[in-house]
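# Topology and contacts: notes
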Amino acid sequence: MTGTAPQHTEPENTRETEGVDGGVGLTALLVAAARAIETHRDDSLAQDVYAEHFVRAAPACADWPVRIHQVPDGDGNPLWGRFARYFGLRTRVLDDFLLDAVRTGVRQVVLLGAGLDTRAHRLDWPSDCAVYEIDRDGVLAFKHRVLAELSATPRVKRVPVPVDLRGDWVTALTGAGFDPAAPTAWLAEGLLFYLPAPAETYLVDTVDRLSARGSALAFEAKLEKDLLVYRDSAIYTATRQQIGIDLLQLFDKGQRPDSAGRLAATGWSTATHTPFDFTRRHGRGPLPEPNDALEGNRWVFAHRTRE
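These remarks concern the structure in this document. (Residues numbered from 1 in each chain as written. Predicted model: local features only at pLDDT ≥ 70, side-chain atom pairs only at ≥ 80, totals over all residues. Heavy atoms only, no water.)

Orientation of helix 3 (residues 78-103) relative to helix 8 (residues 234-243), taken along the N-to-C sense of each, is 125 degrees, at an axis distance of 9 Å. When the interaxial angle is binned, helix 3 and helix 8 end up oblique. Pair helix 3 / helix 8 crosses with left-handed handedness. Where helix 3 abuts helix 8, its residues Pro-78, Leu-79, Trp-80, Arg-82 and Phe-83 lie against Ala-234, Ile-235, Ala-238, Thr-239, Gln-242 and Ile-243. For the contact of helix 3 with helix 8, the class distribution of residues is eight nonpolar, two polar and one charged. (Axes fitted to C-alpha atoms, helices over the stretch in contact; angles between N-to-C directions. Helix = DSSP H or I, 4+ residues; strand = E, 2+ residues; numbered from the N terminus. Parallel < 35°, antiparallel > 145°, perpendicular 65-115°, else oblique. Left-handed = near helix turned anticlockwise from the far one by under 90°. Contact = heavy atoms within 4.5 Å. Nonpolar A, V, L, I, M, F, W, Y, C, P; charged D, E, K, R; others polar.)

In structure tokens:
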């Protein structure tokens, strides 16, 4: 598949945000706070000892909780209880996806819109693996500063690629050492639903073009016909009221493309799951509820089985 780079891959109201102090950048801190809460649970699904340090280092969220006992209503809180548990589950599932990929011989991993991801520091990687982190310079600079202050050392070759996904990220990635002839594990976590449909299609087509046989891709999608139906859901309401993030203003509201179908047409096997599938598998995480903002969320796992 081929495509032409769209002019814009982010909503208009986030273009001026270069770091983690607003817009989509601030959602990276929300996810970090959720990972911190998950880390300190007795029944934790994922461990990220760095997450709380990102939260404490950013003035916009310095007073956010990083442990569930800091939340007055605990797990009854829609944001820091149910929604945070969703992010903890997502972290674990995608951790497992990447580690499964390297067990099959993949030795390069690309995190698209890496945000405050610390997988290079906290997962057990093969010694000859490389993890490429693509995101805007401001986001990666903030992450570097916090991790440097902690004297944190990655467990694998970590290659930051400071480039906006609206720009020529392919040239930046290959210039950093990425080899399109070798199998790759790609991850687009919490990314695609911020993009207009043409930008998502371009991104997926580009991943397809750069992926050798044996590559794998995981991404998160939202398939609701009308996102605004859920505006008064407990999760969106709590997120707006408690930390001032209106996710529905950040999500693109256009019709979503069938990215899994496009991949299946070019030699990928795909599997699509609800988060609730993994809640039942792990025995922890959110389950469906009325007026559920998570109802349309899907986690897609694709493997390139032929050229």
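Within this structure, the stated rule accounts for six cavities of 30 Å³ or more. Surrounding the largest cavity, 41 residues form its lining, Thr-27, Gly-113, Glu-189, Gly-190 and Tyr-194 being those nearest its centre. Among the elements of the structure, helix 1 (23-39), helix 3, strand 1 (108-112), strand 2 (130-135) and strand 5 (216-222) are those that each provide at least two residues to the lining of the largest cavity. For the lining of the largest cavity, the residue count by class is 24 nonpolar, six polar and 11 charged. Roughly 40 Å³ of internal volume is contained in the second largest cavity. Lining the second largest cavity are Leu-112, Ala-188, Leu-192, Leu-203, Val-204, Val-207, Leu-217 and Phe-219. Here the element with the most residues in the lining of the second largest cavity is helix 7 (residues 197-209); it accounts for three residues. (1 Å grid on protein atoms, 1.4 Å probe; cavity = no way out; pocket = protein on both sides within 12 Å on 5 of 7 lines; lining within 4 Å. Points joined across faces, edges and corners; volume = space filled by probe spheres on them.)

Tallying each qualifying case throughout the model produces 29 salt bridges. The partner of Arg-41 in a salt bridge is Glu-38, with the nearest N and O atoms 3.7 Å apart. Taken individually, Arg-41 and Glu-38 each receive the classification buried, so the pair is uniform in this respect. Here the salt bridges share partners, and the residues they tie into one network are Arg-90, Asp-95, Asp-117, Arg-119, Arg-122, Glu-189 and Glu-220. (Salt bridge = Lys/Arg side-chain N within 4 Å of Asp/Glu carboxyl O. Buried < 20%, exposed > 50% of the residue type's maximum accessible area, 1.4 Å probe, protein only.)

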